[in-house]
Amino acid sequence: MKKFKLFFCILLSLTIFNTLKSAEQIDPIKVDWSFKGLLGKFDRASLQRGYQVYNEVCASCHSMQYLSYRNLGEPGGPEFSEEEVKAIAAGFEVTDGPDAQGEMFTRPGRPSDKFVSPYPNVNAAAAANGGAYPPDMSVLVKARKGGANYIYSVLVGYEDPPPGVTLDEGVYYNKYMIGNKIKMPNNLSDGLIEYADGTEATVDQMAKDVTTFLSWAAEPELESRHKTGVKVILYLVLLSILVFLSMKKIWSRVNPEI
Amino acid sequence: MSEQEYVPKSKAGKWFNDRLPLLSLASHLTDYPTPKNLNYWWTFGGILTFCLLTQIITGIVLAMHYVAHADLAFASVEHIMRDVNYGWLIRYIHSNGASMFFLAVYIHIFRSLFYGSYKSPREIIWIIGLMIYLLMMAAAFMGYVLPWGQMSFWGATVITNLFSAIPLIGDSITTWLWGAYSVDNPTLTRFFSLHYLIPFLILGLVVLHIWALHVPGNNNPVGIDIKKPSKDTVPFHPYITIKDAFALLLFMIIFAGFVFFAPNVLGHSDNYIQANPMVTPAHIVPEWYLLPFYAILRSVPDKLGGVILMFGAIFILFVLPWLDTSKVRSAVFRPIYRQFFWILVIDVLVLGYVGAMPAEGIYLVLARVGTIYYFLHFIVVLPVVGYLEKTEPVPLSISDPVLSGSADYSMAKKDNEKI
């Protein structure tokens, strides 16, 4: 057992060493998200507000190509009603076709359609944004170290550059962004949008809501994953107790000490 | 193996068994005399079988929905995660299952190192096991490429580029592996094909591994040859099966903890960005289970030298049974080797840690020291300690206490032969 203690001490010291090292960069702000933890769930109202922020602010540059409008009404998500989802989808022009004459045509969106992207392709998106491609936001939270905390921190992390730092045209200073330089301007300002549910649209509120929405978009299965996980582990624990007792009984025939 | 010939009770059973002795095999497997003192470190064989079957079953289902094409692979994985019923569960079991598989195999390998399970007469079991381990690494590496994220692409680029270190023909070999002039769609499709093939090769080797095991029988914590069946052994079923089942359940609880509550903690966030040949990630790191070898690779300033040492680190294990000169198997009775065993464990952990760090400064120094020590352990420490070490008295049997004074290992062996 002494050897194991040594082993764990070394693991522990490596971990501490690691934490000390990464402390040189600014760590993202830690937010107490409702969806963290074993039984974490999304805040439904926040998800709906977050969709509004995405739709009115982010969606002009950022695509979410892996989501469908129907996802907005599915359990574990923003859970808009069926009518609301239909109305949201119908608000977008979707290119479809070719029709019988071989022509492409546009029609109002349906819940089964994927989110309409703001640009036809990556190059067009980059060209319209000073050469920097605004990343697709479907899995953005999973694609960044620090996840939701990092996305939130970048959204509220804009400030004037410290003296001595010069920025090129179209580049902004953000204290949480890796390298501190970001091509996305600070798009959030107090009262920018009017929330449908009357919540006051502060920068902090909008940043939290849209980050919650993006976290759901990246992990739409999160709630059912947590729920299933608790059941699975409870089942396994009960079964191991039963198997443990059976094992004791079986082994008592040869050797009471196992 | 079983001492008495098995005869099926029913006439039909006998008829069938005379033509294909499957019932004899089943009887052998259930009656297989197993040392009764096997501890929980011995349950990882069963756990590994479970891991392999889990990977094969989830993998077959994933392959029904996955599209092996550079333009479609990333989107098809998102399709699995979002639109396939319980696709997220199947994929998370498969991706975390790979890590669990390696966790179990490392414990299994180090158990073998501690208790001397690789020594005569079990060399072939050990070598087949290493072949399984090599195939596992190949399968895991290719599987990691399939989602076609940034780490997939750049990991594949780094690893396939290793072959270009071979003098003269290296570049041609690399191009041949890629099927193109860089990692591209042909690379992805062939990796998918091989990723589907390798698990079945592993399955075949697992059968040989168990077959070879059933010839001399299990090693045990005391490391002595035991007479089978005897008061030192128990039938495999139900004694070992129930114990393996219990250990497997505990293992599954940890497994489920990862799958349901931290499914991405062992992966790299960059792999949720679609592969982009124009953008190189800041740090290209392999999955955690390959990190010690990555550290060895990067510790050598010369590319070819690094590649040779990295492969050497694995291939040296193939001759391990002949490098270890000690006649005593179990480290329980080897006070000096025991210390070196734990130093090796720490050495490999340190190598794994520095493998995840940038190859510079203190990390590079640690990687070099760790690499040198790794090889010293096998080339110098094992042969020398085997000669010089004064081992502790080995008991004659699991049930009997150590005879006072006279019981060194050779005595025990002689006695066993007499019996």
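The rules behind the values
- Residues numbered from 1 in each chain as written.
- Chains lettered and ligands numbered in written order.
- Predicted model: local features only at pLDDT ≥ 70, side-chain atom pairs only at ≥ 80, totals over all residues.
- pLDDT = per-residue confidence, 0-100.
- Helix = DSSP H or I, 4+ residues; strand = E, 2+ residues; numbered from the N terminus.
- Contact = placed C-beta atoms within 7 Å.
- Core = buried A, V, L, I, M, F, W, Y, C linked by C-beta atoms within 7 Å.
- Buried ≥ 20, exposed ≤ 12 C-beta atoms within 10 Å, placed from the backbone.
- Axes fitted to C-alpha atoms, helices over the stretch in contact; angles between N-to-C directions.
- Parallel < 35°, antiparallel > 145°, perpendicular 65-115°, else oblique.
- Nonpolar A, V, L, I, M, F, W, Y, C, P; charged D, E, K, R; others polar.

Brief notes about the confidence of the model for chain A
All names here are of chain A. Per-residue confidence for chain A averages 90 on the pLDDT scale, and 89% of its residues sit at or above 70. The least confident element of chain A is helix H1 (residues 2-22), whose mean pLDDT is 50; the most confident is helix H6 (residues 203-218), at 98. The model gives residues 19-24 a pLDDT under 50, and that stretch makes zero contacts with residues more than four places away or in other chains.

Topic: the nonpolar core
B:Ile47, B:Phe101 and B:Ala104 are the most contacted members of the largest nonpolar core, which totals 56 residues. Every element with two or more residues in this core is listed here: helix H7 (222-251) of chain A together with helix H3 (44-65), helix H4 (73-82), helix H5 (87-115), helix H6 (123-145), helix H7 (150-161), helix H9 (185-214) and helix H10 (236-261) of chain B. The element contributing the most residues to this core is H5(B), with twelve residues. When neighbours within four sequence positions are excluded, B:Phe101 is seen to be in contact with B:Cys51, B:Gln55 and B:Met136.

Brief notes about the packing of helix H11 (residues 291-299) of chain B against helix H15 (residues 361-388) of chain B
Residue and element names in this part refer to chain B. The interhelical angle for the contact between H11 and H15, taken along N-to-C directions, is 105°, at an axis separation of 9 Å. Relative to H15, the element H11 is oriented roughly perpendicular. Every residue of H15 that contacts H11 at Ala295, Ile296, Arg298 and Ser299 is listed here: Leu364, Ala367, Arg368, Gly370 and Thr371. Classifying every residue of the contact of H11 with H15 by side-chain character gives four nonpolar, three polar and two charged.

Some thoughts on the interface of chain B and chain A
Size of an interface: often given as the accessible area lost when the parts come together. Contact with chain B, which involves 29 residues of that partner, is made by 32 residues of chain A. Of all the secondary structure elements, the ones that give two or more residues to the side of chain B that touches chain A are H4, H10 and helix H14 (335-355) of chain B. The greatest single-element share of the side of chain B that touches chain A, amounting to 14 residues, is contributed by H10(B). Classifying every residue of the side of chain B that touches chain A gives 22 nonpolar, three polar and four charged.

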